[in-house]
Amino acid sequence: MKTQLRPIKISDLVSGFQYSEVHARGLYGLSGTLTIQPEYQRNYIYNDGKKDVAVIESLLKEYPLGLIYFVDASSGYNDGKVHLEVLDGQQRITSIGRFHTDKFAVKVDGRERYFSSLSAEEKTLLLATELLVYVCEGTEPEIKAWFETINTAGVPLNDQELLNAAYSGPFVTAAKAEFSNAKNALQQKWSNFVKGDPKRQEVLEVALEWVSASKGQKIDDYMAAHRHDTGIAELKDYFTTVIEWVETVFDGRTDAPMRGLPWADLYERFGQNAYDGAALSARVEDLRGDVYVKNAKGIYEYVLGGEEKPELLDIRVFQPADIRAAYTTQTKVAETKGVSNCPTCAGIDNANKTRIYSQTEMDADHVTAWSKGGATDISNLEMLCKTHNRAKGNR
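As the structure is a computational prediction, the values presented were derived from the model and not from experiment.

Visitor: Before we move on, can you summarise the overall build of the chain with the specific residues and values?
Guide: If you tally the helices and strands in the chain, you get 17 helices and eleven strands. Over its C-alpha trace the chain gives a radius of gyration of 31 Å, far above what one expects of a compact globule, namely 21 Å for 395 residues. Taken along the three principal axes of its C-alpha coordinates, the chain extends 100 × 50 × 40 Å. Taking all 395 residues of the chain together, 45% fall into the buried category. Long-range contacts, defined here as pairs at least 24 residues apart, represent 63% of the contacts in the chain between residues at least 6 apart. Placing the 46 positive and 56 negative side-chain charges of the chain at their respective mean positions leaves the two points 4 Å apart.

Visitor: So what about the pairing of strand S9 (residues 130-137)? Which residues, and what values?
Guide: Inspection of the sheet shows strand S1 (residues 2-9) paired to S9 by eight bridges, in the antiparallel sense. Of the residues in S9, the one forming a bridge with arginine 6 is valine 133. Sheet analysis places strand S5 (residues 68-72) next to S9, joined by four bridges and oriented parallel. The residue of S9 that forms the bridge with phenylalanine 70 is valine 135.

Visitor: How would you sum up the environment of aspartate 52? Please name residues and give values.
Guide: Inspection of the secondary structure assignment puts aspartate 52 in helix H2 (residues 51-60). Separated by 40 residues in sequence, aspartate 52 and arginine 92 have C-alpha atoms that sit 7.4 Å apart. Residue contacts for aspartate 52: discarding those within four places in its chain leaves Tyr44, Tyr46, Asn47, Ser95, Arg98 and Phe104. A polar side-chain atom of aspartate 52 sits 3.2 Å from the main-chain amide nitrogen of glycine 49.

Visitor: Could you give me a rundown of the nonpolar core, with the residues and numbers involved?
Guide: Formed by 49 residues in total, the largest nonpolar core has its most connected members in Phe179, Trp210, Leu235, Phe239, Trp245, Phe250 and Trp263. When residues of this core are traced back to their parent elements, those giving at least two are helix H7 (170-179), helix H9 (202-214), helix H10 (219-226), helix H11 (233-249), helix H12 (263-270), helix H13 (277-288) and helix H14 (299-304). The leading source of residues in this core is H11, at eight residues. Once you skip the residues sitting within four places of it in the chain, tryptophan 210 turns out to touch Val194, Tyr238, Phe239, Val242, Ile243, Trp263 and Ala264.

Visitor: Explain the side chain of histidine 366 residue by residue, including any values.
Guide: With respect to the helices, strands and loops of the structure, histidine 366 is situated in strand S10 (residues 362-366). In this structure histidine 366 comes out as buried when scored by relative accessible area, which is 16%. In terms of polar contacts, histidine 366 uses its side chain to reach the side chain of threonine 376, at 2.9 Å. In this structure, histidine 366 is in contact with Phe318, Gly374, Ala375, Thr376, Asn380 and Lys392, ignoring residues within four places of it in sequence.

Visitor: Describe the pattern of salt bridges, listing the residues and the values that go with them.
Guide: Once their charged atoms are close, side chains differing in charge can pair, the charge on each being opposite to the other. Per the counting criterion, the structure on display carries 18 salt bridges. In this structure, glutamate 122 engages arginine 113 in a salt bridge whose closest nitrogen and oxygen atoms are separated by 3.0 Å. For arginine 113, a relative accessible area of 9% puts it in the buried group. In this structure, the salt-bridge partner of arginine 269 is glutamate 301, at a minimum N-O distance of 2.8 Å. Residue arginine 269 is found in helix H12, and its partner glutamate 301 is found in helix H14; the two are separated by 32 residues along the sequence. Look at arginine 269 and you get partly exposed, because its relative accessible area is 39%. In this structure, a network of salt bridges that share partners links the residues Arg253, Asp255, Glu285 and Arg288.

Visitor: Give a detailed account of H10, specifying residues and quantitative values.
Guide: Considered for burial, the residues of H10 that qualify are Ile219, Tyr222, Met223 and His226. End-on view of H10: buried residues confined to an arc of 95°, all on one side of the axis. Where H10 is buried, its residues touch helix H6 (159-166), H7, H9 and H11.

Visitor: Residues and numbers for the packing of H6 against H10, please.
Guide: One way to put it is that H6 packs onto H10 with a least axis distance of 10 Å and a crossing angle of 25°. Here H10 runs roughly parallel to H6, going by the angle between their axes. Taken as a pair, H6 and H10 cross one another with a handedness that is right-handed. Across the interface between the two elements, Gln160, Leu163 and Asn164 of H6 pack against Ile219, Asp220 and Met223 of H10. When the residues that make up the contact of H6 with H10 are grouped by side-chain class, the tally is three nonpolar, two polar and one charged.

Visitor: Explain the packing of aromatic side chains to me, and be specific about the residues and the numbers.
Guide: In this description, a pair of aromatic rings is defined by centroid distance and the angle of the planes. Tallied over the full model, the rule gives 15 aromatic pairs. Centre to centre, the rings of phenylalanine 193 and tryptophan 263 are 6.4 Å apart; their planes meet at 90°, and the pair counts as edge-to-face. A residue pair is termed long-range when its members are at least 10 positions apart, and phenylalanine 193 in the loop between helix H8 (186-190) and H9 and tryptophan 263 in helix H12 qualify at 70 residues. You'll find phenylalanine 193 and tryptophan 263 in the same group, each marked buried. Feature note: the residues Phe179, Trp190, Trp210 and Phe239 constitute an aromatic cluster, connected by ring pairs. Between the NZ or CZ atom of lysine 123 and the centre of the ring of phenylalanine 115, over which it lies, the distance is 5.6 Å.

The rules we used
Residues numbered from 1 in each chain as written. Predicted model: local features only at pLDDT ≥ 70, side-chain atom pairs only at ≥ 80, totals over all residues. Heavy atoms only, no water. Helix = DSSP H or I, 4+ residues; strand = E, 2+ residues; numbered from the N terminus. Rg over C-alpha atoms; globule rule 2.2 N^0.38 Å. Buried < 20%, exposed > 50% of the residue type's maximum accessible area, 1.4 Å probe, protein only. Contact = heavy atoms within 4.5 Å. Lys, Arg positive; Asp, Glu negative; His and termini not counted. Charge placed at Lys NZ, Arg CZ, Asp CG, Glu CD. Pairing = 2+ DSSP bridges. Polar contact = N/O pair within 3.5 Å; in protein donor to acceptor, adjacent residues only side chain to side chain. Core = buried A, V, L, I, M, F, W, Y, C linked by side-chain atoms within 4.5 Å. Salt bridge = Lys/Arg side-chain N within 4 Å of Asp/Glu carboxyl O. Arc of directions from axis to C-beta. Axes fitted to C-alpha atoms, helices over the stretch in contact; angles between N-to-C directions. Parallel < 35°, antiparallel > 145°, perpendicular 65-115°, else oblique. Left-handed = near helix turned anticlockwise from the far one by under 90°. Nonpolar A, V, L, I, M, F, W, Y, C, P; charged D, E, K, R; others polar. Phe/Tyr/Trp six-rings, centres within 6.5 Å; stacked < 30°, edge-to-face > 60°. Lys NZ or Arg CZ within 6 Å of the ring centre and 35° of its normal.

Given below as structure tokens:
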């Protein structure tokens, strides 16, 4: 891969700058010759009032911003014109362009200032600043490999951003337009069940993980197979199906613990079952109010599975003081009667009928199982030898 160092003034860089507020992405600069966010790039993530401001403050203080990398893509157009793409530095370039077009302000001498309200000297200083840009030429694999390794902006690429770069094409472009657009009205609905920042490709990653797993594939295998697809119907339809199934079976619930659960896996396991949504929702409400349930996230799989696995709920255990008290009381009574301090052993004819177990050889057990309404307190506690406690299970 060939590289050439080319200083570029900010005044030239922001000439013809275009930014899409809808898709949160910089489009063009350098009088239209520079594509700021090619399809393999992540969305703009510096518009948080901190990182974007820091870029401009650094320039006004004449601090260096670090190297920026462009790709010379002219050979792919065959029109005799210059075509450059940002390989690394699009967050900084977009921040500069947005400030130049008065999209945000920075504090100068204690006052909030937009570019248009800077002094003539400050504007000249900013626009005359030269950025150090390496312009690279190479094959697509070389460019993608370089993109995956460089990160001068200080925000590491996550796995999905790297996959987008590796499998860039019409499929990634369409998928990002749907799942990585923070202003998509459906994002609010999806956020009830999916955890992640769409601008960092985390919602897209979930959508891809769901559909690829349903086919027994990994995300990168699925993206490779569909790289040149112009549509995302399968991806979108499966994601929508799972979300709508969750809404239906839980009667529209949007509890905080529902966010980020493996809904596609649950859909594959329980999606063919018939449920009374209102009844299921009511049962969830009961369990969420149960003081003995420690893992609220496990409630949803628990009720979908017919309440057969209480371990999903991580039921609160008996207090150590109650266990000691129950052991002491049971042991004294057993010794007086000449029988085992395990009630089950004492009630049957075997070698342990009169055995007195140590506390470490016994488990605290619910007399009435928690799943059948039994409390987790000393009034519902008895000590059983480990063998009989494990044999009892949830009966």
